[in-house]
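Examination of the molecular architecture
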Amino acid sequence: MTDEKHALPAPPTEGLFLGKIDEESIYPFPEQDPDEKEIADMTVAAFREWADDNLDSEKIDRDQEIPESVRRQLGELGLLGATVPEEYEGAGFGTTSYCRLVEEMCRRDASLSVFLGAHLSIGAKPLLLYGNPEQKARYLPGVATGETICAFALTEPGSGSDANAMRTTAEWDDAKGVFRLNGNKIWITNGSYAELFSVFAKARGARGNGPGAFIVRRGQKGFSNGPSEHKLGIRGTATTELAFQDVEVAPEDVIGEIGEGFKIALETLETGRLSLGAGCTGGSKECLKMAVEHATERTQFRKTIISFGMIREKLSRMAAHTYGSESAVYLTSGLIDRDHRTLPVEAGYCKVLGSETLWEVVNDTVQVVGGIGYMEEYPYQRSLRDARINLIFEGTNEILRLSGTLEALKEPSHAVTARLKAEKAGLGAEGLEQAMGAIAGQAATVPRWVPEVIAVEGECFAAAVTAFSAKVVDVLRRHRRRILGQQYTLRRLADGAIQLYAMLAVLSRVSTRIAAVGEERSAKEILLARRFIEEAAVRVHHEVEAIETPRDGFDDQLAELLGEEGRYPAPLF
Amino acid sequence: MSKKILVVVEHEEGKIRRGSLEALAAARQLAEAWGGQVIGAVAADQATSLAEEFARRGADQVVALEHPALARYTPDGYRQAIAGLIEEIAPEWVLMAHTYLAQDMLPLVSAASGAPVLSDCVGVEIDGERAVFLRQPYDAKFVARTVDNGPAPHFATLQSGAFPADDLPENHGGTVSTHAVEIDAAALRREVLEVREVGDRTVDLSASEVVVAGGRGLGSKEKFDELVGSLAQALGAAIGASRPVVDSEWLPHAHQIGSSGQAITPKLYVALGISGAIQHVVGIRGAQCIVAINRDKEAPIFNEATYGIVGDVAEVVPALVAAIEEARAQ
Amino acid sequence: MKILVCIKQVPDKDARLVLDDAGRGIVQADLNWEVNESDRYAVETGLRLKQTLGQGEVVVCTLGPDRARKALNTALAMGADRGIHLSDPDYRGGDPMTVARVLAAVARSEQAELVLCGTRSDDEGYGQTPILLAGLLDRPAVFLTMGVEVQDGSLKVIRELEAGRQEESIVPLPAVLAIQSGIYEVRYTSLKGIMAAKRKKVTQPTPTELGLSSDQIGGTGQRIEVLSMAPPEAGGHCEFIEADKPDVAARELVEKLRREAKVI
């Protein structure tokens, strides 16, 4: 495993922080294996056909329930076993195929895709990642057919982003030879009808101390779930509290080792996140379609409103941002499939970018359609409500910015440390140069594969990488380990890195397309790429330049003040 | 030698079907351009009076193909009768209306001589010695000028309404001859048990002065009932539907308008969310005034419409109902 | 009973079709393709007949370039047993007659008792291949089949007629049926079926293997020639009522229906 990892190219974001674009490993844009692609195409088409005839999203939203018949039919279609290996009766989907399925599902109905995600992306994921052969053979065939719907139970009332604060316990009962689970979990998707729960709890006793992952089946003594919560969006999903009262779990139902619980939970979430980004891409495409439809039909002042600049700007931006987010998702999934690796930082960035793109897109959609966007009988308000959760769950966007960026800063901070040591040792300019070896100073170059027609965008990208990485070196030199606490700066670095990663994905994708089919047939993609990169570059420079401006101090002071006063602090007169 | 254009006549309950008169009109066009001759063929157990009528309406010569086995249509019976006639008179072209019968039978005849059929044609151009037929491939998104480069006989079927029969003569004075044809009864492979009506025939859209119809584009059965229903009530109209609506079981088959449903001839026809597939359009060409409301301004229904509104049916219909009531109150 | 189902791959219904430079066809690059609608019903009919009979084989066949393999895979994913892909370049081009010749050769070499087709392709829409095929095979055929049952070695077939009528008849086997859309509900392909399709056998017989000479088939054998193709001439005489608000448009329309058209 370790050896394999060494053979892998560095994750693509790492180079962006170092000011060195790893142009070989991300070009050509990874394509799906033809056989896999065809299976994914057919699966998406089959789902679409089924959905056309059977899916009533308005009703699902109104009734706050995905009907049992819909869940059963998804199982019959085999979609609930998409990522379960073929040897366990599943379809063995790779990351890209699964992302494409989630994208299409989310495009049609966000509740449905969250139901699927809770089942496969996270609920069954601990078993898929860490289950032993016996556990897999026992449970996965049922998971694949959808008879055994899964759920992922980590969050507690006092433990959200901070998993370590978990209070659910698993006490080893030596007499009975079982773990006794006690505690409560909240906001558990599929809580009303899941058959199998991956439950995280802190183990105590002779079998080891520390966090563990436990399989709990519905119907076990002492297990119960609360009623489904009423939510702002994705109302079709059944989100419930779970209660564990001396629930006995046999040692055979421990996933992985005691002590590995957080590792399992983290890895589950890390790999599950990417498909969320894909789902958001699907949602964005659907919104864009609705907005364009309206803009080409609605006439005001004797013109269709698509002829007005302020509408055009929105539609164009929606399309370009969707293209950027889609490119980032499928670059990431493609690399994961191609290199058989994980890319947690990139996956997290894709979740942030996808969810925030969707939020902007849905907001613009509501604006384009005007008043009807606010009316209950039209679908726009549902899209708006459904979109919001994506910025919150499966790791808030704040946590993902923080964790991803700190991870990505590791390599550059080693280099900076080396440089600082060299300075201290009084090495000459040459020595310093050598110590910096890995890092910046010189301008990043345009990847060699960027064709002439988008050379300007290539330059734009390289310049943004140069500016960004120079700033990275700068802040690391000054703050060194203290960077861990600099959230204003980390947030800006994260946003810069996210835009750069999307630009890189867009460049790779459009260059690959031009190389394959020529400029003429790539005209649409070139336009989208130009629009995306032009704005993204501005965003990167903006973030870089805003690092450590006086605003940080104002924010600190104002937040303090607000904390003290507890309300808006200024009298009008 | 003058070119012969053979028209195979379709008839029902002792009447020539309108499509066959349209085929006659097309045949006359070819014959006149080439100085040729239009020959009709009527297959029946007793075909003479139909043949006489066809001769009056513009055929120069009509052959009544008679045999007891031709009392009702069977593909093999028609095939034998018509194949024999083609062999005898060697026509340049064989024309029929593009009906279910023609589609069921004519390719059997043409296949014998290795010929395909230029089917569902909407127009013809004469180009010297050859006829260029216009077809509408890709669901009428294009018009294709199409020829058959093989040797005669050539075969074509003509879309309903494409060749108006209005200007056919009433007293052309063509000749009629009766042929007792030989039919090999053993070769009549399809044994017809019965022809039956499907569903109730109480819905007779053909007698309605105003018809309001909706398409799948309305979204759901509830929307369909609400929108089509309210407008139909305001106009005192009968309710019709396109085929997809009936296939989705929003309405019984009796309400279906088009080639597999009813052909209607109202004063006013209103199409709500109907895109205008050709199978539907052939059923409404007899309407005096057609109003189409559709969100897609490229929808082919607008090619048929007298008046069109591009917009959301759900918004336009309530406004229309209000406007009708307003006008009535005045 | 061996059932041969003939299907065609056509551009998907929402595809934006563009004329090619020669103006005689459409640009095929960058299109999405799907199984022709009525052909899906033919596949469904074949699968149901096999299911009812409790035995037999459903062989699905298509003529077309490499991309058409996906149409076969769709049918195989629905449950067909085996595929025949007529992919040889010599098959391509052509008209309904040349296609019928190839399909007839397949039906003969497969000794299929029943051949099922759709009624009409959504692309060129000639709507005659199944009946030409029946003519070439000298078998009885039914166009617009709305129902079929096997009865004592024959078929009981319901044929759709105009104006909401149906004809019920007995047709001896072997036969050819053109299946009308809507005959049954078409099953959805399951992911299991899609995976299983990958392992099913698909053969690619050459014209020589089917005993066909190249002058009978494809572009060489065709009689029908499209001289030119163009979008239909813009609209008839439709008068569009262009008002910003629905109520204004509605009033204007009612006014015109009363005063101009005098129909209400």
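Residues numbered from 1 in each chain as written. Chains lettered and ligands numbered in written order. Predicted model: local features only at pLDDT ≥ 70, side-chain atom pairs only at ≥ 80, totals over all residues. Heavy atoms only, no water.

**Quick look at the side chain of A:E525**
All names here are of chain A. Structurally, E525 can be placed in helix α19 (residues 523–546). Among the residues examined, E525 registers a relative accessible area of 17% and is labelled buried. Not counting chain neighbours up to four residues away, the residues in contact with E525 comprise Y323, V510 and R513. (Helix = DSSP H or I, 4+ residues; strand = E, 2+ residues; numbered from the N terminus. Buried < 20%, exposed > 50% of the residue type's maximum accessible area, 1.4 Å probe, protein only. Contact = heavy atoms within 4.5 Å.)

**Some thoughts on a nonpolar patch on the surface**
Residues and elements named next belong to chain A. A cluster of nonpolar residues, L558, L561 and L562, forms a patch on the protein surface that exposes about 230 Å² of accessible area. Within the fold, L562 resides in helix α20 (residues 550–565). Using a relative accessible area of 38% as the deciding quantity, one classes L562 as partly exposed. (Patch = residues over 30% accessible without salt bridge, like charges linked within 9 Å, V, L, I, M, F, W, Y side chains within 5 Å. Areas by Shrake-Rupley, 256 points an atom, 1.4 Å probe, with all protein chains shown as cover. Salt bridge = Lys/Arg side-chain N within 4 Å of Asp/Glu carboxyl O.)

**What to know about the nonpolar core**
With 106 residues, the main nonpolar core has A:L74, A:L181 and C:L114 as its most contacted residues. C:L114 has contacts with C:M1, C:K2, C:I3, C:L4, C:L49, C:L155, C:L173, C:A175 and C:L177, leaving out every residue within four places of it along the chain. Core analysis: the second largest hydrophobic core is formed by 65 residues, A:I26, A:C99, A:V473 and A:L507 among them. (Core = buried A, V, L, I, M, F, W, Y, C linked by side-chain atoms within 4.5 Å.)

**Here we look at the interface of chain B and chain C**
Listed by partner, the interface residues are 79 residues for chain B and 79 residues for chain C. Summing both sides of the interface, chain B and chain C together bury roughly 7,000 Å²; the carbon and sulfur share of this comes to 56%. Seen at the junction of chain B and chain C, the total is 9 salt bridges. Across the salt bridge formed by C:E160 and B:R243, the nearest N and O atoms sit 3.2 Å from each other. (Buried area = accessible area lost by both parts, 1.4 Å probe.)

**Section: unusual backbone geometry**
Cis geometry is found at the peptide bond from A:Y27 to A:P28, where omega equals -5°. Turning to its location among the elements, A:P28 is positioned in the loop between α2 (12–18) and α3 (34–54). The linkage connecting B:A152 with the following residue, B:P153, adopts the cis geometry, with an omega of 0°. Not every positive phi belongs to a glycine, and A:I234 is a case in point at roughly 30°. Locating A:I234 in the fold gives a position in the loop between β6 (223–225) and β7 (239–249). We classify A:I234 as buried; its relative accessible area is 6%.

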